[in-house]
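Close look at the chain arrangement
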Amino acid sequence: MYKIIKKSAGIFAIVAIFSYCSGSKISTHADKSLKNAYKNDFLIGAAVNATQIEEKDPLAAVLIPQQFNAITPENIMKSEVIHPEWDKYNFTLADKIIDFGKKYNM
């Protein structure tokens, strides 16, 4: 019984999202980004990794600023990255995510 309710809730959520997205939120064909479609409702976020914030992935370099207006780190701010050894700290990637967010006004 629980599995049926869980599956039904998931299907309902997907249908609700698609029906909401197909509404009149996006006014022009030139403005088909998630962040612009919902700019008055909520932020659209993405979890980013080092390859994406260093813009080494050309597809992500276009997609992330185009579709999203909020970012969060995937793993680059975990303790093993920032504090790899007892007396050693490395905030390089943490600083880069801040710079990336400022660059694209996120």
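The shown structure was predicted, so the numbers you read here are calculated from the model rather than taken from an experiment. Going along each chain's sequence as written, the residues are numbered from 1 onward. With pLDDT at 70 or above as the cut-off, local features in this predicted model cover only qualifying residues; side-chain atom pairs require 80 or more to be listed or tallied, and sums for whole chains, interfaces and linings still use all residues. Note that the side-chain values use all heavy atoms of the structure and ignore hydrogens as well as water.

1. Digging into the overall build of the chain
Going by this rule: Strands are runs of DSSP state E lasting at least 2 residues, helices are runs of H or I lasting at least 4, and numbering of each runs from the N terminus. Buried, partly exposed and exposed residues are distinguished by accessible area as a fraction of the type maximum, computed with a 1.4 Å probe on protein chains only: under 20%, between the cut-offs, and over 50%, respectively. Should any heavy atoms of two residues lie within 4.5 Å, those residues are considered in contact. Calculation of accessible area relied on Shrake-Rupley with a 1.4 Å probe; when residues are assessed, cover is drawn exclusively from the protein chains displayed.
When you go through the chain residue by residue, the secondary structure sums to six helices and two strands. In the chain, the succession of helices and strands from N to C terminus is α-α-β-α-α-β-α-α. Residues classed as buried in the chain amount to 22% of the 106 residues present. Contacts spanning at least 24 positions in sequence make up 58% of the contacts within the chain whose residues lie at least 6 apart. In the form shown here, the chain has an accessible surface area of approximately 8,100 Å², with 61% of it arising from carbon and sulfur atoms.

2. Thoughts on the pairing of strand E1 (residues 45-48)
Look at any regular strand and the pattern is simple: side chains alternate between the two faces of the sheet. Applied cut-off: A pair of strands is considered paired only if DSSP assigns at least 2 bridges between the two.
Every second residue of E1 is oriented toward a common face, the buried set being Ala46 and Val48 and the non-buried set Gly45 and Ala47. Where E1 lies against strand E2 (residues 70-73), four bridges are found, and the strand directions are parallel. Bridged to Val48 within E2 is Pro73.

3. Details of the environment of Lys39
On the secondary structure map, Lys39 appears in the loop between helix H2 (34-37) and E1. C-alpha of Lys39 to C-alpha of Asn69: the two residues are 30 residues apart in sequence and 8.7 Å apart in space.

4. Notes on the packing of aromatic side chains
One pair of aromatic rings is described through two measures. These are the centre distance and the angle between the planes. Put simply, the rule reads: Any two rings among Phe, Tyr and Trp, with Trp reduced to its six-membered ring, count as a pair given centres within 6.5 Å; such a pair is stacked if its planes are under 30 degrees apart, edge-to-face if over 60, and tilted if neither.
Per the counting criterion, the structure on display carries three aromatic pairs. When the centroid spacing of 6.2 Å and the interplanar angle of 5° are considered together, the rings of Tyr89 and Phe91 count as stacked. Looking at Phe91, the relative accessible area reads 44%, which means it is partly exposed.

5. Things to note about the environment of Glu80
Residue placement: Glu80 occurs in helix H5 (residues 79-82). Sequence separation between Glu80 and Asn90 is 10 residues; the distance between their C-alpha atoms is 9.6 Å.

6. Focus on the pattern of salt bridges
We count it as follows: By salt bridge we mean one thing: a side-chain nitrogen of Lys or Arg within 4 Å of a carboxyl oxygen of Asp or Glu.
Applying the stated rule across the entire model yields three salt bridges. Lys56 is paired through a salt bridge with Glu54; the nearest N and O atoms lie 3.1 Å apart. Residue classification places Glu54 among the partly exposed residues on the basis of a relative accessible area of 27%. For the salt bridge of Glu54 with Lys96, the shortest nitrogen-to-oxygen distance reads 2.9 Å. Within this pair, whereas Glu54 is found in the loop between helix H3 (50-53) and helix H4 (58-67), its partner Lys96 is found in helix H6 (residues 92-103), the two being separated by 42 residues in sequence. Owing to a relative accessible area of 32%, Lys96 belongs among the partly exposed residues under this scheme. Salt bridges linked by common partners bring Glu54, Lys56 and Lys96 together as one network.

In short, shape yes, function no, at least from these values alone.
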